[in-house]
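Chain and residue survey
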Amino acid sequence: MVNEQVRAGATLGADIRALRKARGLTLVQIAARLNRSVGWFSQVERDLSEPSISDLRQIAQALGVPMSMLFAHSEAPAAEHGYVVRAGSRRPMGSGEEGLIEELLSPDLTDDFEMVHSTFRPRSRMQTPANRPTQEVGYMISGQLDLVIGGRAFTVGPGDSFRIRHEPYQWVNPYDEPAVAVWVIAPPVY
């Protein structure tokens, strides 16, 4: 019988594999970046080898994700693993440097998309526009957010939604209250 956690794909190795594939990297390319063998990295992705802290730091750097993304696998009850993410068990993402606090709402990164809970602090700003090979849809829960998508400016508030398709975008929260949104991003980028 297949272990429920493995069947659901909710493992460190599965997340690493999903991140590698989302970046269009082969096993050979990532192994070369890490100065490790393809066999070793393949075993990490299949949860047959447990990487050290130093290995995880290098893997996170090679994949362009914060190390916390690889550490924050919460222990969910077996019946919920891969299906439910409790509010207190969300995985933190990103550095929060620009005033953006993000948490993964998806159980793991093995789907064709990811859901992210984003809180934009008051008076915060994305410093450099992003242009990712993704499709993203955001839904505003509270607050207001100013967006520039493909050169067009918008202000969105509670109940509004927006879409970004392979376009440069930038956000700013010039207001005195936090803005909270839920994003769906395909393919997963974290």
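Everything here concerns the structure above.
Structure report, in brief.

Digging into the overall build of the protein
- Scanning the protein for helices and strands turns up 6 helices and 10 strands.
- Per-residue burial for the protein yields a buried fraction of 41% across its 190 residues.
- Long-range contacts, defined as pairs at least 24 residues apart, comprise 62% of the intrachain contacts of the protein with a sequence gap of at least 6.

Observations concerning unusual backbone geometry
- Across the junction of Ala186 and Pro187, the peptide omega takes the value -10°, indicating a cis bond.
- For Pro187, the position within the fold is in the segment after strand S10 (179–186).
- Phi angles above zero are rare outside glycine, and Asp47 is one such case at about 60°.
- Topologically, Asp47 is positioned in the loop between helix H4 (38–45) and helix H5 (53–63).
- You can call Asp47 partly exposed: its relative accessible area is 40%.
- Unusually for a residue other than glycine, Arg123 sits at a positive phi of about 60°.
- Looking at where Arg123 falls in the secondary structure, it is placed in the loop between strand S3 (114–120) and strand S4 (124–125).

Things to note about a nonpolar patch on the surface
- Taken together, the side chains of Phe113, Met115, Val137 and Val184 present a nonpolar region at the surface, about 280 Å² in accessible area.
- You can see Phe113 is positioned in the loop between strand S2 (100–104) and S3.
- Accessibility expressed as a relative area gives 37% for Phe113, which makes it partly exposed.

Some thoughts on the pairing of strand S6 (residues 145–149)
- Most of S6 is tucked away, with 4 of its 5 residues classed as buried.
- Relative to strand S7 (residues 152–156), S6 runs antiparallel, the two being bridged by 5 bridges. Counterpart to Val148 in the pairing with S7 is Ala153.
- Joining the antiparallel neighbours S6 and S7 is a turn of 2 residues, in which Gly150 adopts a positive phi near 55°.
- Relative to strand S9 (residues 169–173), S6 is paired through 4 bridges, and the arrangement is antiparallel.

Some remarks on the nonpolar core
- If you look at the biggest cluster of nonpolar residues, it comprises 38 residues, and the most contacted ones within it are Ile59, Leu63, Phe120, Leu145, Phe162 and Trp183.
- No other element matches the 5 residues that H5 contributes to this core.
- Once residues within four sequence positions are removed from consideration, Trp183 is found in contact with Glu114, Met115, Val116, Ser118, Phe120, Glu136, Val137, Gly138, Phe162, Ile164 and Tyr169.

With respect to the packing of helix H3 (residues 27–34) against H4
- Running from amino to carboxyl end, H3 crosses H4 at an angle of 105°, the nearest separation of the two axes being 9 Å. Classified by the angle their axes make, H3 and H4 are roughly perpendicular. Of H4, the residues touching H3 (which contributes Leu27, Val28, Ile30, Ala31 and Leu34) are Val38, Trp40, Phe41, Ser42 and Glu45.
- Each residue belonging to the contact of H3 with H4 can be placed in one class, and the counts come to 8 nonpolar, 1 polar and 1 charged.

Section: the side chain of Arg20
- Following the sequence through the fold, Arg20 ends up in helix H2 (residues 12–22).
- Among the residues examined, Arg20 registers a relative accessible area of 7% and is labelled buried.
- Within polar-contact distance, the side chain of Arg20 engages the backbone oxygen of Leu25 at 2.8 Å.
- For Arg20, the contacting residues outside a window of four places in its chain are Leu25, Thr26, Leu27, Ile30, Phe41, Glu45 and Leu63.

Basis of the calculations
- Residues numbered from 1 in each chain as written.
- Predicted model: local features only at pLDDT ≥ 70, side-chain atom pairs only at ≥ 80, totals over all residues.
- Heavy atoms only, no water.
- Helix = DSSP H or I, 4+ residues; strand = E, 2+ residues; numbered from the N terminus.
- Buried < 20%, exposed > 50% of the residue type's maximum accessible area, 1.4 Å probe, protein only.
- Contact = heavy atoms within 4.5 Å.
- Patch = residues over 30% accessible without salt bridge, like charges linked within 9 Å, V, L, I, M, F, W, Y side chains within 5 Å.
- Areas by Shrake-Rupley, 256 points an atom, 1.4 Å probe, with all protein chains shown as cover.
- Salt bridge = Lys/Arg side-chain N within 4 Å of Asp/Glu carboxyl O.
- Pairing = 2+ DSSP bridges.
- Core = buried A, V, L, I, M, F, W, Y, C linked by side-chain atoms within 4.5 Å.
- Axes fitted to C-alpha atoms, helices over the stretch in contact; angles between N-to-C directions.
- Parallel < 35°, antiparallel > 145°, perpendicular 65-115°, else oblique.
- Nonpolar A, V, L, I, M, F, W, Y, C, P; charged D, E, K, R; others polar.
- Polar contact = N/O pair within 3.5 Å; in protein donor to acceptor, adjacent residues only side chain to side chain.

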